[in-house]
Amino acid sequence: YDLKVVLVNEKMSFVGRKVRLNDFRASGGGSLTYDLGLINEEIFQTVYNISKELGVICMGYDLVYDAKSEEYLIIEMSYGFSNEAQLSLGGHWDKNFTWINKPLNAPQEIIKALVEKLEQ
């Protein structure tokens, strides 16, 4: 599997994407998992710090686990991802890595962040 981790306006969501049979790719296969045990605070801090350093409001990160180094590696970053898949998680984490029982709606969060930025 790989993880599509999304950080929008300091809020994080994810979806696990299972590898297709007889294939190495997970993206686009449609076999999704929402096992919260796949995410940890280290992953959150990594994507949070990168997003902050780049100054982006919204970014999707594809991560895979490297068993040799025992760490997650970012293999792709993209502004595009399935908001519907993220909504299906049923919740998200805030900037303190606290679970919130409300799905992360990326388009709404982007608009909210842009309005806040204009008001500064």
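Read on for an overview of the structure.

Quick notes on the rules
Along each chain, residue indices are assigned from 1 in the same order as the chain's sequence is written. Reporting of local features is limited, given that this is a predicted model, to residues whose pLDDT is at least 70; pairs of side-chain atoms are given and counted only at 80 or more, and all residues count toward the totals for whole chains, interfaces and linings. Excluding hydrogens and water, the side-chain figures rest on all heavy atoms present in the structure. Secondary structure elements follow DSSP: runs of H or I no shorter than four residues count as helices, runs of E no shorter than two count as strands, and numbering proceeds from the N terminus. A 1.4 Å probe rolled over the protein chains alone gives each residue an accessible area, and that area as a share of the maximum for its type sets the label: buried under 20%, exposed over 50%, partly exposed in between. The definition of a nonpolar core used throughout is a set of buried Ala, Val, Leu, Ile, Met, Phe, Trp, Tyr and Cys residues joined through side-chain atoms within 4.5 Å. What makes two residues a contact is simply this: any of their non-hydrogen atoms within 4.5 Å. The span you would expect from a helix comes to 1.5 Å times its residue count less one. Any pair of nitrogen or oxygen atoms within 3.5 Å is treated as a polar contact; in protein, a donor-acceptor pairing is required on top of that, and neighbouring residues in sequence qualify only through side-chain atoms on both sides. Each salt bridge in this description consists of a side-chain nitrogen of Lys or Arg and a carboxyl oxygen of Asp or Glu lying within 4 Å of one another. Any residue with relative accessible area above 30% and no salt bridge may belong to a patch, with like charges joined within 9 Å and the nonpolar Val, Leu, Ile, Met, Phe, Trp and Tyr side chains within 5 Å. Calculation of accessible area relied on Shrake-Rupley with a 1.4 Å probe; when residues are assessed, cover is drawn exclusively from the protein chains displayed.

## Brief notes about unusual backbone geometry
Item 1. Phi is positive for N9, which is not a glycine, with a value near 50°.
Item 2. Turning to its location among the elements, N9 is positioned in the loop between β1 (2–8) and β2 (11–17).
Item 3. A relative accessible area of 21% places N9 in the partly exposed class.
Item 4. A positive phi is found at E70, a non-glycine position, where the angle reads about 55°.
Item 5. Here E70 lies in the loop between β4 (58–66) and β5 (71–78).
Item 6. On the basis of relative accessibility, which here comes to 61%, the residue E70 falls in the exposed class.

## Description of the nonpolar core
Item 1. Of all hydrophobic cores here, the largest spans 16 residues; its most connected members are L3, V5, M12, F14 and I39.
Item 2. The set of elements that each furnish at least two residues to this core consists of β1, β2, α1 (41–54) and β4.
Item 3. Tallying contributions element by element places α1 first for this core, with four residues.
Item 4. Residues within four places of M12 in sequence aside, it is in contact with V5, V6, L7, I39, F44, V47, H92, W93, F97 and L104.

## Some remarks on helix α3 (residues 106–119)
Item 1. In this model α3 runs 20 Å from its N-terminal to its C-terminal C-alpha over 14 residues, within 8% of the 20 Å that 1.5 Å per residue would give.
Item 2. Elements in contact with the buried residues of α3: β1, β2 and α2 (83–87).

## Quick word on the side chain of K4
Item 1. Within the secondary structure, K4 sits in strand β1.
Item 2. Of the residues examined, K4 reaches a relative accessible area of 6% and is grouped as buried.
Item 3. Within the local environment of K4, its side chain forms a polar contact with the side chain of D62, the two groups lying 2.7 Å apart.
Item 4. Excluding its chain neighbours within four sequence positions, the residues that come into contact with K4 are S13, F14, V15, R17, G60, Y61, D62, G80, F81 and Q86.

## Observations regarding the pattern of salt bridges
Item 1. The tally for this structure, following the rule as stated, stands at five salt bridges.
Item 2. Here R17 ties to D2 by a salt bridge, and the two come within 2.8 Å at their closest N and O atoms. Within this pair, whereas R17 is found in strand β2, its partner D2 is found in strand β1, the two being separated by 15 residues in sequence.
Item 3. Overall, R17 belongs to the buried group, its relative accessible area being 10%.
Item 4. Given a relative accessible area of 6%, D2 falls into the buried group.

## Topic: a nonpolar patch on the surface
Item 1. On the surface, L54, I74 and M77 cluster together into a nonpolar patch covering about 240 Å² of accessible area.
Item 2. Tracing the chain through its elements places I74 in strand β5.

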